[in-house]
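# Chains, contacts and geometry: an overview
Letter by letter, the chains look like this.
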Amino acid sequence: MKDPKLAAVSVLSLSGKVQDNLITTISWIKKLDEEGVDFILFPELNISGYVKDPQKLSAVCLQREDVFEALTQLSKQTKAAFAVGFPEKVEQGFYIAHYVFSKGKLIGKHRKTHLGSTEKGFFIEGNEINVFQIGELSIGIQLCYESHFPELSYIQAWQGANVLAMAFASPRESSEEKLARFKRFLPARAYDNNTYVMACNLSGKSDNIGDFSGLACVFDPKGNLLTENKAGFCVSSVDLTQIQRIKQSRMAFFNQSKRLDIFQQYYQHENK
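These lines cover the structure that appears in this document, whether it is placed above or below. No experiment lies behind these values; they were computed from the predicted model shown. (Residues numbered from 1 in each chain as written. Predicted model: local features only at pLDDT ≥ 70, side-chain atom pairs only at ≥ 80, totals over all residues. Heavy atoms only, no water.)

## As for the packing of helix α1 (residues 18–34) against helix α3 (residues 64–77)
- Interaxial distance between α1 and α3 falls to 11 Å at its minimum, and their mutual angle equals 10°. Classified by the angle their axes make, α1 and α3 are roughly parallel. Contacts between α1 and α3 pair Val18, Gln19, Leu22, Ile26, Ile29, Lys30 and Asp33 from the former with Val67, Ala70, Leu71, Leu74 and Gln77 from the latter. (Axes fitted to C-alpha atoms, helices over the stretch in contact; angles between N-to-C directions. Helix = DSSP H or I, 4+ residues; strand = E, 2+ residues; numbered from the N terminus. Parallel < 35°, antiparallel > 145°, perpendicular 65-115°, else oblique. Contact = heavy atoms within 4.5 Å.)

Right, dumping it as structure tokens:
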């Protein structure tokens, strides 16, 4: 059986231009499906563009049904599963969300659980942490700011994730600066939890917060950078037996020794 292939796409996304972004996304899915990719990750809010204005968000969400119908139909025609970004409107407000499509179905969604300081006036926080099964791959999705909370990676690994898929809408830095920053903390998420980590960032202009420089990369369970592309996409095969070998090692599988009974009291104290 062949090793699964991951693709992280640093896609160009235009704020509020849903149909343009959808066409771009569909084009990438078809291209990567032809290359035999099993799972494709797109950046945070890639189909809507990074939108924070409530009126613009409402207008974007009116197109949700057409967008999801197109993606569902496409998913019936492709072997590749894919995860895309689009806001979710509910009675209380809007979530930043990521949606996973596979074999003609929307198999799940992840609502961003930790919002950046500039997002809190426009979005609400999700409260669930999930993992999505795609063949041999167990995918834990994180959105941008969430990647800075190691507990999320631990919980997703505990739930069985062998891939942490991190979708970013991170502005201002150049792609070189962003890769240097990612290399400071994403390898730790991979190494500590014995998972692959894939990441991709938006490319294009945003609403009043600066430009997105793009970037796509994949790290292995030892924290080694397998592949990166500062202005496009990257593809990497994953050797899931590497994770099994690590878990069979008494000294390399750290999470099996975690003292949750000790940690819990400190979290309770911190929240008082």
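## Quick notes on the pattern of salt bridges
- Counted by the stated rule, this structure contains 11 salt bridges.
- Residue Lys112 pairs with Glu119 through a salt bridge whose shortest N-O separation is 3.0 Å. For the pair Lys112 and Glu119, one class covers both residues: buried.
- A salt bridge links Lys178 to Glu173; the nearest nitrogen and oxygen atoms lie 2.7 Å apart.
- We classify Glu173 as partly exposed; its relative accessible area is 22%.
- The network of salt bridges with shared partners includes Glu44, Lys112 and Glu119. (Salt bridge = Lys/Arg side-chain N within 4 Å of Asp/Glu carboxyl O. Buried < 20%, exposed > 50% of the residue type's maximum accessible area, 1.4 Å probe, protein only.)

## Some details on the side chain of Ser48
- When you line up the elements, Ser48 lands in the loop between β2 (39–41) and α2 (54–61).
- On the basis of relative accessible area, Ser48 is assigned to the buried category, the value being 0%.
- A polar atom in the side chain of Ser48 sits 3.4 Å from the backbone oxygen of Leu45.
- Among residues more than four places away in sequence, those in contact with Ser48 are Leu14, Ser15, Gly16, Lys17, Val18, Asn21, Val60, Gly85, Phe86 and Pro87. (Polar contact = N/O pair within 3.5 Å; in protein donor to acceptor, adjacent residues only side chain to side chain.)

## A few points about unusual backbone geometry
- Non-glycine residue Leu45 carries a positive phi angle of around 50°.
- For Leu45, the position within the fold is in the loop between β2 and α2.
- Residue Leu45 is classed as buried on the basis of its relative accessible area, which comes to 1%.
- The residue Lys103 is not glycine, and still its phi comes out positive at about 55°.
- Considering the arrangement of structural elements, one finds Lys103 in the loop between β4 (93–102) and β5 (105–111).
- For Lys103, a relative accessible area of 73% puts it in the exposed group.

Structural measurements only, silent on function.
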